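# Structural characterization, general
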Amino acid sequence: MAVYNYDVVVLGSGPAGEGAAMNAAKHGRKVAVVEERTMVGGNCTHLGTIPSKALRYSVKQIIHFNTNKMFRSIGEPRWFSFPDVLKSAEKVMGKQVSSRTSYYARNRVDVFFGKGSFADENTIELVNQSGVVEKLIAKEIIIATGSRPYRPADVNFSHPRIYDSDTILKLNHTPRTLIIYGAGVIGCEYASIFCGLGVKVDLIDNRDRLLSFLDNEISDALSYHLRNNSVLIRHNEEYESIEGLDKHGVVLNLKSGKKLKADALLWCNGRSGNTDGMGLENVGLRPNGRGQLDVDENYRTQVPNIYAVGDVIGWPSLASAAFDQGRSAAGNIVSNDAWRFVDDVPTGIYTIPEISSLGKTERELTDAHVPYEIGQAFFKSMARAQITDEPVGMLKILFHRDTLQVLGIHCFGDQASEIVHIGQAIMNQKGEANTIKYFVNTTFNYPTMAEAYRVAALDGLNRLF
């Protein structure tokens, strides 16, 4: 049995693992990464963020071609199958693997492919692809194994027409009708993708509004545009049972007594941390019912030399946050200034149109009795949106009416996940530097979507008296 010694061993090569490995390596630590797949990138690259966002972009291009009158001189609206659209995502995935493989090589990080588990708090036993067992001994270990779709025991995921957000990427046909159970971020994103391909979608939500953590106006806008694209949203519903039919179909029985039938069902109701089979019992760690580990503000578990980051610790379960959490855990180990507790993450929801927000919502500010005001800019009036034929959307700035401090940024529409970062930069300024006046005292390129900040700021300041 081969034995290797390291300063830091990272379990998982997704965003969290990569962030941890790179930060530790750049500060002189000898680092190894263990990846269960045969390629780096984790679920983010192979099953989650990258393929779903690449799918969304392709569908958005199809919608643009089919709805823009200029293209009618080229041809009539076209129909594209899901497998055809998936091919573009696969190309992006390959490029991401290539790029990330080069990062590890460039920074002299050793990558081991295989299943790693704890023998003790300083030892990882690795079973590689050939079944050979190797030992990795390290001073510190960082768990960054990610998550997978939660699968309740009473749902038969082996049925050929019942999918989750991982297996949907193997869909080899385009269903005419689709039930999406679970209206969280992933469910809403896939509802946008499939309705963009002309699929009739039933979106089942067990709450009374979509994405209730969003500002109410943004949530309402998402509901409107999904419905406008023929998505049937059913709120306050829970499943009783799911039946896979012999003749290529699925029946969803709801506790309310309703019965729905479709060609396929996509389960998007929660995720579980990838902690099973890791030998956590050998080091005294016990995950919760969803397979997630508890950590302190330094991302340290109950075992002092073992850290956990990314989806495996739960909220916010975003690739952007996971990378920073990984860097922070490694920053704590190497004692550099990269450490911070990641709690100011903007939402990035890649529906069609997309959504991004940061800070307080109107509901939160009202409940807290904060005297705020609103500045709005509607994309239909923006020159850049008119040029790109993307008129749907708005930017909303919430600010304190006395101090003019920016309290929240909420954006719905094309490029929302890019637009939000300008507001984020101002919100992160200290003291009086965080002010809505920045947007009216700064010259923005014209025409751009960024100038929506100037329009929204002027709108908000005009409401003051």
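Residues numbered from 1 in each chain as written. Predicted model: local features only at pLDDT ≥ 70, side-chain atom pairs only at ≥ 80, totals over all residues. Heavy atoms only, no water.

An unreviewed UniProt entry lists the protein under the name Soluble pyridine nucleotide transhydrogenase, with Halopseudomonas pelagia as the source organism. Word for word, the UniProt comment on the protein under Function (unreviewed entry) is "Conversion of NADPH, generated by peripheral catabolic pathways, to NADH, which can enter the respiratory chain for energy generation." UniProt annotates the protein under Sequence similarities (unreviewed entry) with the comment "Belongs to the class-I pyridine nucleotide-disulfide oxidoreductase family." (UniProt positions renumbered as here; feature names shortened; annotations may be inferred.)

### Digging into the sheet that holds strand S11 (residues 239-245)
On the basis of which strands lie adjacent, the open sheet formed by three strands has the order S11-S12-S13 and antiparallel pairing. Every other strand in the sheet has two partners, leaving S11 and strand S13 (259-262) as the edge strands with one partner each. Across the sheet, the axes of successive neighbouring strands diverge by a mean angle of 15°, strand direction being ignored. Direction of pairing for S11 relative to strand S12 (residues 249-254): antiparallel, over a ladder of six bridges. Note that in S12 the partner of Leu245 across the bridge is Gly249. (Pairing = 2+ DSSP bridges. Helix = DSSP H or I, 4+ residues; strand = E, 2+ residues; numbered from the N terminus. Axes fitted to C-alpha atoms, helices over the stretch in contact; angles between N-to-C directions.)

### Here we look at helix H1 (residues 15-26)
Taking 1.5 Å per residue as the helical rise, H1 with its 12 residues ought to reach 16 Å, and the 16 Å between its terminal C-alpha atoms agrees with that figure. Burial runs high along H1: 11 of the 12 residues are buried. Those residues of H1 that sit buried are Pro15, Ala16, Gly17, Glu18, Gly19, Ala20, Ala21, Met22, Asn23, Ala24 and Ala25. Residue Gly28 follows H1 closely and has a positive phi angle near 85°. (Expected span 1.5 Å × (residues − 1). Buried < 20%, exposed > 50% of the residue type's maximum accessible area, 1.4 Å probe, protein only.)

### Description of the nonpolar core
Of all hydrophobic cores here, the largest spans 49 residues; its most connected members are Val9, Val10, Leu11, Phe118, Ile142 and Ile143. Looking at this core, the elements with two or more residues in it are strand S1 (2-11), H1, strand S2 (31-35), strand S3 (110-120), strand S4 (123-128), strand S5 (133-143), strand S16 (306-308) and helix H7 (319-334). Excluding its chain neighbours within four sequence positions, the residues that come into contact with Leu11 are Val34, Phe118, Ile124, Ile141, Ile142, Ile143, Ala144, Thr145 and Met278. Judged by nonpolar contacts, the second largest core, of 41 residues, contains Ile168, Ala183, Cys188 and Ala221. (Core = buried A, V, L, I, M, F, W, Y, C linked by side-chain atoms within 4.5 Å. Contact = heavy atoms within 4.5 Å.)

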